[in-house]
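Here's the letter readout for the chains.
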Amino acid sequence: MSLKLPFDNTYVRVLSGAFVEWQPARVPAPRLLYLNHSLAQALGLDLQGSDEEALAAAFSGNVLPAGAQPIAQAYAGHQFGGFSPSLGDGRALLVGEVIDRAGRRRDIAFKGSGRTPFSRGGDGKAAVGPMLREVLVGEAMHALGIPTTRALAVVATGEPVLRESVLPGAVLTRVAASHLRVGTFEYFAARGELDKLRRLADYAIARHDPALAPSPSRYLDLLRAVALRQARLIAQWMSVGFIHGVMNTDNMTLSGETIDYGPCAFLEAYDPATVFSSIDRQGRYAFGNQPAIARWNLTRLAEALLPLMHEDPDAAVPLAVEVLEAFADDYERAALAGLRRKLGLRASAGAGISDAEDTQLAADWLALLHAQRVDFTLAWRHLAATAEGADAPLLALFTDAAALADWRARWRRRCAADDAVAGVASAVAGQERARAMRGVNPRIIPRNHQVEAALAAASERGDLVPFNALLTALVQPYSDDPALAPYAEPAPAEVTACYKTFCGT
Ligand code: AMP
Ligand code: MG
């Protein structure tokens, strides 16, 4: 029997020319490795009566649910700055759309489901390790409150996949607010297909910003809405030390969700120049470059939308530029708000402190972490303890405690200014501040050595115990449970020093 999902497939109905109908490849021996039960429930997926075999058949693509209309989506993209006019789903398929229990439309898609007309030289396949990695990092991001596509299931195919070595194959089922990317717009813009471009933009508006539909300036407004979502998203990435690793325009969504967990990784010691991806030799997608790259990508979206904004595209340029400049302000605002929360500070107004002063306080803290190569995650977490007087854990992270002492004195004065405005006694304020800071500064993030160990066990030995234990820890990022202590430890410095992630995947 097949799974029951109430599909309602608007992309196929509305956007002819933007996809090719295509079937997933049959896999020889599907075996369920992972099923996201809470996500399945949120989707209203009826699992009653489905045994593991039926689930593996469904999530491998061997037995499609009724109402599925699998398609390979067309898109273009700027990859590492160079334009490819035709990328598309070379190893993915959009299976269909469902309305979840919260009333939100969700894409259900496969990754690793075989060759398509967009595969070029690729095999259309995916391997167990990278697909389970997408589960770990995506679920960690979700638990951190960061918009993201999510993994619903991973099935081992029983088929070998040839990469640098022979790896076990897998299919991932991914759930997304949509798979509309900057590159989808570039595809039609580059081909000069204005009617299709307009239909695509109207579709994106209907799906993500329906309130804009009646606006005479709706395409410019769409750009503004996407820019605001991306500003907030990237600010969240930066606040937890997430490095996407391959921010090509085909990997940037209109929805504002993080997508495509390939060579991504989290910072260990704080350094804005950190790059883990082995293919990013110039450091284009280094941690500290991410806001600028987001703006660069949004500029490509703006270019694609120009002909819709005005019959003379040149006339629309100043309007688009204004939106792109607003992106910088939106980003700064979102980043500062996030840093204030992480520092345990309220907005400045009441205490008579300027944005510039708080921005400087945060920048000086980050400069200290950088200078002394302090673990980014632990530094913030231990700063929370400092708020209630437990200084030792923070001090232990620094080699030069004097530099920290100066900064800490400034931070304490700034906290006291907040407390004076709120009229709270400092002891009580300290406890409240520590609690609030522990609610925004995670203790547990996907540590690179833990992720690698879990994936190696699963991929090389078929042992899912470390994967499941790590996942259990990652979905409780703010927990102080002593049992999770091993997952809060930084990677040994020698591991981080030579850590490389592979796109690919
Ligand atoms: P990504 O780097 O995963 O975002 O993929 C970039 C482009 O390469 C997309 O068009 C993918 O569909 C395509 N691609 C990546 N891996 C494969 C593969 N194994 N087989 C076919 N196409 C692939
Ligand atoms: Mg991609």
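In this report, the structure presented in the accompanying data block is examined. These numbers come from a predicted model, not from an experiment. Numbers given for residues are sequential positions, taken from 1 along each chain in its written order. Here chains are named by letter from A upward and ligands by number from 1 upward, in the order in which they appear as written. Selection of residues for local features in this predicted model requires a pLDDT of at least 70, selection of side-chain atom pairs for listing and counting requires 80 or more, and totals for whole chains, interfaces and linings are taken over all residues. The side-chain quantities take in all heavy atoms of the structure and omit both hydrogens and water.

## Section: the coordination of the magnesium ion (ligand 2)
Note on donors: an N, O or S atom is included if it sits within 2.8 Å of the metal, or within 3.2 Å for Na, K and Ca, and water is never included, so sites can look incomplete. Distances from the magnesium ion (ligand 2) to its protein donors, Asn251 (OD1) and Asp260 (OD), fall within 1.8 to 2.2 Å. Accessibility assignment for this pair places asparagine 251 and aspartate 260 in one class, buried. Between buried and exposed lies partly exposed: a residue is buried under 20% and exposed over 50% of the maximum accessible area for its type, with that area taken using a 1.4 Å probe on protein chains only.

## Description of the nonpolar core
In this text, buried Ala, Val, Leu, Ile, Met, Phe, Trp, Tyr and Cys residues form a nonpolar core when linked through side-chain atoms within 4.5 Å. Counting 98 residues, the largest nonpolar core has Phe185, Trp365 and Trp411 as its most contacted members. Per the convention used, a helix needs a DSSP run of H or I reaching at least four residues, while a strand needs a run of E reaching at least two, with both numbered from the N terminus. Residue contributions to this core peak at 14 residues, all from helix H7 (residues 218-240). Any pair of residues with heavy atoms lying within 4.5 Å of one another is described as a contacting pair. Among residues more than four places away in sequence, those in contact with tryptophan 365 are Ala379, Trp380, Leu383, Leu394, Phe398, Leu404 and Trp407. Grouped together as the second largest cluster of nonpolar side chains are 28 residues, Tyr34, Ala170, Leu474 and Leu484 included.

## Details of a negative patch on the surface
Here the term patch refers to residues with relative accessible area over 30% and no salt bridge, with like charges joined within 9 Å and nonpolar side chains (Val, Leu, Ile, Met, Phe, Trp, Tyr) within 5 Å. In short, Shrake-Rupley with a 1.4 Å probe defines the accessible areas, and a residue's cover is counted only from the protein chains shown. Here, a salt bridge means any side-chain nitrogen of Lys or Arg that lies within 4 Å of a carboxyl oxygen of Asp or Glu. Counting rule applied: Lys, Arg positive; Asp, Glu negative; His and chain ends not counted. A charge is said to be at NZ when it belongs to Lys, at CZ for Arg, at CG for Asp and at CD for Glu. A surface patch of like charges, here negative, comprises Glu322, Glu325, Asp329 and Glu332. With respect to the helices, strands and loops of the structure, glutamate 332 is situated in helix H9 (residues 313-343).

## Topic: the site of ligand 1
Within the structure, ligand 1 sits among 18 residues, and Gly88, Gly90, Asp123, Gly124 and Asp260 are positioned closest to it. We call two N or O atoms a polar contact when they sit within 3.5 Å, provided that within protein one can donate a hydrogen and the other can accept it, with sequence-adjacent residues counted only if both atoms are side-chain atoms. In the model, an oxygen atom of ligand 1 is placed 3.2 Å from a nitrogen or oxygen of the arginine 120 side chain. Relative to its unbound accessible surface of 480 Å², ligand 1 loses 83% to contact with the protein. Tallied by class, the residues present in the shell around ligand 1 amount to three nonpolar, seven polar and eight charged. Here a residue is considered near a molecule or strand provided that any single heavy atom belonging to it is located within 4 Å of it. Here the term charged refers only to Asp, Glu, Lys and Arg, the term nonpolar to Ala, Val, Leu, Ile, Met, Phe, Trp, Tyr, Cys and Pro, and the term polar to all other amino acids, Gly among them.

## Examining the packing of H9 against helix H10 (residues 355-371)
Where H9 contacts H10, the two axes come as close as 10 Å, and the packing angle between them is 65°. For the element pair H9 and H10, the recorded crossing hand is left-handed. Contact with H9, carried on its side by Leu336, Leu339, Arg340 and Leu343, involves Asp355, Asp358, Thr359, Leu361 and Ala362 of H10 and no other residues of that element. The residue inventory of the contact of H9 with H10, partitioned by class, reads five nonpolar, one polar and three charged. To get an axis, fit a line to the C-alpha atoms, keeping to the stretch in contact for a helix; angles then go from 0 to 180 degrees between the N-to-C directions. Whether a crossing is left-handed or right-handed is set by the direction in which the near helix is turned from the far one by less than a right angle, anticlockwise for left-handed and clockwise for right-handed.

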